[in-house]
Amino acid sequence: MADRKALQAEMISGHSGASPGLGMQRDLEVCKLVDTTTCIGCKACEVACAEWNDMPFTPTTFDNTYQTMPETRWNFWNLIKFNEHQNPDGTIQWLMRKDQCMHCADPGCLAACPADGAIVKYANGIVDFNQENCIGCEFCVSGCPFEIPRFNPMTKKVYKCTLCSDRVGEGLEPACIKACPTGCLKFGSKDDMKYIAEERAKQLRDNFGWQNAGVYDPQSVGGTHVIYVLHDATDPERYSLPKNPTIPWSYTVWKWLFKPVLGTFALFGFLGVIAHYITSGPRVAQPEPPEKEGPDAGINV
Amino acid sequence: MPASTSSSVERFDDKARNAFEHAGKTTVYRGELLRHPVYTRVLHWAVALFFFLALFTGFGIYLPWLFRWFTPFFGGGPLSRVMHPYFGVGFVFCFGLQALNWLKPMIWTAADSRWMRNIKGVVSGEEKMDPPDTGFFNAGQKVQFWEIVGGCVVYLITGVVLWAGARTFGRIPVAVSYVLHDISALIMLGGIFIHIYLSTIGEPGTFQSMIRGAVSEAWAWTFHPAWYKQVTGRDPQQDCEEARRKMNSSTKPPKQS
Ligand code: HEM
Ligand code: SF4
Ligand code: SF4
């Protein structure tokens, strides 16, 4: 399954073309499956993530919930969100969802990023930030539909979940998967995870009375490499997931139309004045000295 | 514009002009005219300095692929990104003062519309002199001025949105601002190429107006005849012909013996 070869660049921000050897294997795509119906909110994955990525824990804010902190941070990429949802009949659902980068097939962060090589999407589906090339413009923050990239004011760069690309590249599962005690987190090929997720949703519908149970794998961003089983897939917002995540159209228009067209236009301004100088020449204060006449005046074209 | 603002702007400008005239001076030799006082010159070069600082830090954000090599001058990509908005604010602030300073001579007139219709003759160089009703600034300069005024407004609004970021203003405003900000920059950049060309090698004798503050009378009657008439009270066409006669008599080929 996932091995070193899986870390082949498929898309690179600000860069055209893919890497040589792309598409030589099949079923490369990896996927993390989060079954919200079996998450018990133990936060083992949070600890495993901070531990593996060597992030020291820093003071946080208590907001009257079980949540470790209100939202993910540049040094805290994996957060269990504790959503309290009130049903129409007055009953309460305590919904726990693991929040992290979704590793979109069509990543908005990458579409927005102007820096060459700051964001790389590997052929196995992992979207990774390469801080070496990041200029900290935070355009990725506006490109991401899931509010994932986080700015570190000390380094002036942006960080997020790597799907443990370092572990996956060595054939290991992500650290969070390894830590999960209930089997709520699974990791494998996208096809397999999709199959398991659908089976589980069917089980929830058929045997547990969750008629709207389903899988969250939003096609508006081409699907994601982190997918969820939800009790109610018709209303992902109650799990603080966008119903229809999209990438702002302006990024597409800009990158593929205005940027090259207007850039060329500005360049022509530069070439234009040079062309004017060498063909038409300067306009000088009048009167000029009279023009030369006679046989040695040169050829006047 | 209400009369009260225009006069308070004038009072402010007069004060600033006086203060700067004490700090520096403008020497106008015989045969020259005062074009830009110290205040205008200081502002112009402050604007130009901030513009280029903002431009070069901006390039590092716009297309790092092409411009990464010079981001080290600003301490690298992330630091360019941090400094860019400060340079931008400096630019907009200085140009704001310059805009107040130049508000009056930049007002569009009927003569400017005529100049614009005639632009082909001027650009091709067929018309050696600008039309006789060309005042202190010609229509081309006014277009550039108002383009920069508009550009500054766009920079300021979109720049603040980009500075505060998606977490304050939301994703779509940032994504749209990014595009508008860059379009504005590219238009202004194209204009600046033309501006630098015309004020240096394109129309020789112009550059000194922003350096020493004075221009030759010949420059004035050639490029801004109506202004020449206004400040000297003489007719630009006649003075030019006069000078031509003098020049022709003095440049007659020496008699061959
Ligand atoms: C090396 C760069 C530059 C040079 C050599 C230069 C030179 C000049 C000169 C000589 C003038 C006076 C023209 C006259 O008296 O008729 C002028 C005017 C002006 N400059 Fe610049 N300038 C430069 C950069 C800039 C920049 C970056 C800006 C703003 C973004 C700017 C904005 C203006 C404006 C608005 C005027 C008045 C209108 C006009 O003459 O077009 N300049 N400049
Ligand atoms: S969730 Fe956001 S940061 Fe992660 S790949 Fe998608 S767009 Fe990029
Ligand atoms: S801040 Fe985000 S968009 Fe900007 S260079 Fe870094 S990764 Fe790319």
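Residues numbered from 1 in each chain as written. Chains lettered and ligands numbered in written order. Predicted model: local features only at pLDDT ≥ 70, side-chain atom pairs only at ≥ 80, totals over all residues. Heavy atoms only, no water.

Novice: Whenever I open this one, the overall build of chain A confuses me. Can you help?
Specialist: Counting its regular elements, chain A contains 7 helices and 11 strands. At 27 Å, chain A has a C-alpha radius of gyration far larger than the 19 Å of a compact globule built from 301 residues. When the backbone C-alpha atoms are referred to their principal axes, chain A occupies close to 105 × 45 × 40 Å. Across the 301 residues in chain A, those meeting the buried criterion constitute 50%. A fraction of 60% describes how many contacts in chain A between residues 6 or more apart in sequence connect residues 24 or more apart. Counting only carbon and sulfur atoms, one obtains 57% of the accessible surface of chain A, whose full area is about 14900 Å². (Helix = DSSP H or I, 4+ residues; strand = E, 2+ residues; numbered from the N terminus. Rg over C-alpha atoms; globule rule 2.2 N^0.38 Å. Buried < 20%, exposed > 50% of the residue type's maximum accessible area, 1.4 Å probe, protein only. Contact = heavy atoms within 4.5 Å. Areas by Shrake-Rupley, 256 points an atom, 1.4 Å probe, with all protein chains shown as cover.)

Novice: I would appreciate a short explanation of the overall build of chain B in the present structure.
Specialist: Each helix and strand in chain B was counted, giving 13 helices and 2 strands. Along the three orthogonal principal directions, the C-alpha set of chain B runs to about 80 × 55 × 40 Å. In chain B, buried positions account for 44% of the 257 residues. For chain B, long-range pairs separated by at least 24 residues make up 66% of all intrachain contacts whose partners lie at least 6 apart in sequence. Summed over all atoms, the accessible surface of chain B reaches about 13700 Å², with 68% contributed by carbon and sulfur. For chain B, the distance from the average position of its 25 positive side-chain charges to the average position of its 18 negative side-chain charges is 4 Å. (Lys, Arg positive; Asp, Glu negative; His and termini not counted. Charge placed at Lys NZ, Arg CZ, Asp CG, Glu CD.)

Novice: Explain the sheet that holds strand E11 (residues 226-230) of chain A to me, please; I cannot follow it from the model alone.
Specialist: Strand-to-strand pairing in sheets goes through backbone hydrogen bonds, with the strands running parallel or antiparallel. Residues and elements named next belong to chain A. If you walk across this open sheet you meet the 4 strands as E9-E2-E11-E10, and the pairing is mixed. At either end of the open sheet lies a strand with only one pairing partner, and these are strand E9 (185-189) and strand E10 (214-216). Pairwise comparison of adjacent strand axes, ignoring direction, gives a mean angle of 25° for this sheet. Across 4 bridges, the pairing between strand E2 (residues 30-35) and E11 is parallel. Bridging across to E11, Lys32 finds its partner in Val226. Here helix H6 (residues 190-207) sits on the sheet in contact with E2, E9, E10 and E11, set at roughly 135° to E9. (Pairing = 2+ DSSP bridges. Axes fitted to C-alpha atoms, helices over the stretch in contact; angles between N-to-C directions.)

Novice: Just checking my understanding: could you explain the sheet that holds strand E5 (residues 119-122) of chain A for this structure?
Specialist: Residues and elements named next belong to chain A. Strands sit in the order E1-E5-E6 across an open sheet of 3 strands; the sheet is antiparallel. Of all the strands in the sheet, the pair left with one neighbour each is strand E1 (9-12) and strand E6 (127-129). The sheet shows a mean angle of 30° between the axes of neighbouring strands, direction not considered. Two elements, E1 and E5, share 3 bridges in a ladder whose sense is antiparallel. Within E5, the position partnered with Met11 by the bridge is Lys121.

Novice: Help me out: how do you make sense of the coordination of the iron atom of ligand 1 in this one?
Specialist: When a metal holds four donors in a tetrahedron, each ideal angle between them is 109.5 degrees; when it holds six in an octahedron, the ideal angles are 90 or 180 degrees. Residues and elements named next belong to chain B. Protein-derived ligands of the iron atom of ligand 1 are His44 (NE2) and His195 (NE2), with the metal-ligand distances lying across 1.9 to 2.0 Å. Angles of 87 to 180° at the metal separate the 6 donor atoms of the iron atom of ligand 1, which places the site in the octahedral class. Placement of His44 in helix H2 (residues 38-62) and of His195 in helix H9 (residues 171-202) is noted, with a sequence separation of 151 residues between them. (Donors = N, O, S within 2.8 Å, 3.2 Å for Na, K, Ca; no water. Tetrahedral: all angles 85-135°; square planar, octahedral: opposite > 155°, others 65-115°.)

Novice: Quick question: what am I supposed to make of the site of ligand 3 here?
Specialist: Inspection of the region around ligand 3 gives 13 residues, with A:Cys113, A:Cys134, A:Cys137, A:Glu138 and A:Cys140 positioned closest. Of the residues that constitute the shell around ligand 3, the class distribution is 11 nonpolar, 1 polar and 1 charged. (Near = heavy atom within 4 Å. Nonpolar A, V, L, I, M, F, W, Y, C, P; charged D, E, K, R; others polar.)

Novice: When you look at the site of ligand 1 in this model, what are you seeing that I'm missing?
Specialist: Residues and elements named next belong to chain B. Arg35, His36, His44, Gln141 and His195 are the nearest of the 25 residues found near ligand 1. At 2.8 Å from an oxygen atom of ligand 1 is found a side-chain nitrogen or oxygen belonging to Arg35. Here an oxygen atom of ligand 1 sits 2.6 Å away from a polar atom, N or O, in the side chain of Gln141. When the residues that make up the shell around ligand 1 are grouped by side-chain class, the tally is 15 nonpolar, 9 polar and 1 charged. (Polar contact = N/O pair within 3.5 Å; in protein donor to acceptor, adjacent residues only side chain to side chain.)

Novice: Even after reading the chapter, I still don't get the interface of chain A and chain B, so can you show me in this structure?
Specialist: Much of the literature gives interface size as the accessible area that the parts lose upon coming together. Taken together, the contact between chain A and chain B spans 48 residues of the former and 51 residues of the latter. Summing both sides of the interface, chain A and chain B together bury roughly 4200 Å²; the carbon and sulfur share of this comes to 64%. When the area that chain A buries against chain B is broken down by residue, the three leading residues are A:Trp254, A:Arg283 and A:Gln286, summing to 21%. The interface formed by chain A and chain B holds 4 salt bridges in total. The partner of A:Glu288 in a salt bridge is B:Lys128, with the nearest N and O atoms 3.5 Å apart. On inspection of chain A and its partner chain B, the count reaches 18 residue pairs in polar contact (both at pLDDT 80 or more). Broken down by secondary-structure element, the contributors of at least two residues to the side of chain A that touches chain B are helix H3 (139-143) and helix H7 (249-279) of chain A. Top contributing element to the side of chain A that touches chain B by residue count: H7(A), with 13 residues. Partitioned by chemical class, the residues of the side of chain A that touches chain B number 26 nonpolar, 14 polar and 8 charged. (Buried area = accessible area lost by both parts, 1.4 Å probe. Salt bridge = Lys/Arg side-chain N within 4 Å of Asp/Glu carboxyl O.)

Novice: Where do I start with the packing of aromatic side chains in this structure?
Specialist: Aromatic rings considered in pairs are described by the distance between their centres and by the relative angle of their planes. Residues and elements named next belong to chain B. Following the criterion strictly, the structure yields 34 aromatic pairs over all chains and no others. Measuring from centroid to centroid gives 5.2 Å for Phe51 and Phe52, while their planes differ by 85°, and the two rings are edge-to-face. Judged by relative accessible area, Phe51 falls into the buried class, the value being 7%. With 6.3 Å between their ring centres and 25° between their planes, Phe91 and Phe95 make a pair best called stacked. One end of the pair is Phe91 and the other is Phe95, both in helix H4 (residues 77-102) and 4 residues apart, which spans about a single turn. (Phe/Tyr/Trp six-rings, centres within 6.5 Å; stacked < 30°, edge-to-face > 60°.)

Novice: Help me out: how do you make sense of the pattern of salt bridges in this one?
Specialist: Two side chains bearing opposite charge may form a pair once their charged atoms approach each other closely. One pass over the full model with this rule turns up 22 salt bridges over all chains. Among the ionic pairs, A:Asp217 bridges to A:Lys190, the shortest N-O distance being 3.0 Å. One end of the pair, A:Asp217, is in the loop between E10 and E11; the other, A:Lys190, is in helix H6, and 27 residues separate them in sequence. In terms of burial, A:Asp217 and A:Lys190 fall into one category: buried. Here B:Arg244 and B:Glu241 are joined by a salt bridge, their closest N and O atoms 3.6 Å apart. Here the residue B:Arg244 and the residue B:Glu241 both occupy positions in helix H13 (residues 236-250), the gap between them amounting to 3 residues, near one helical turn. In this structure B:Arg244 comes out as partly exposed when scored by relative accessible area, which is 25%.

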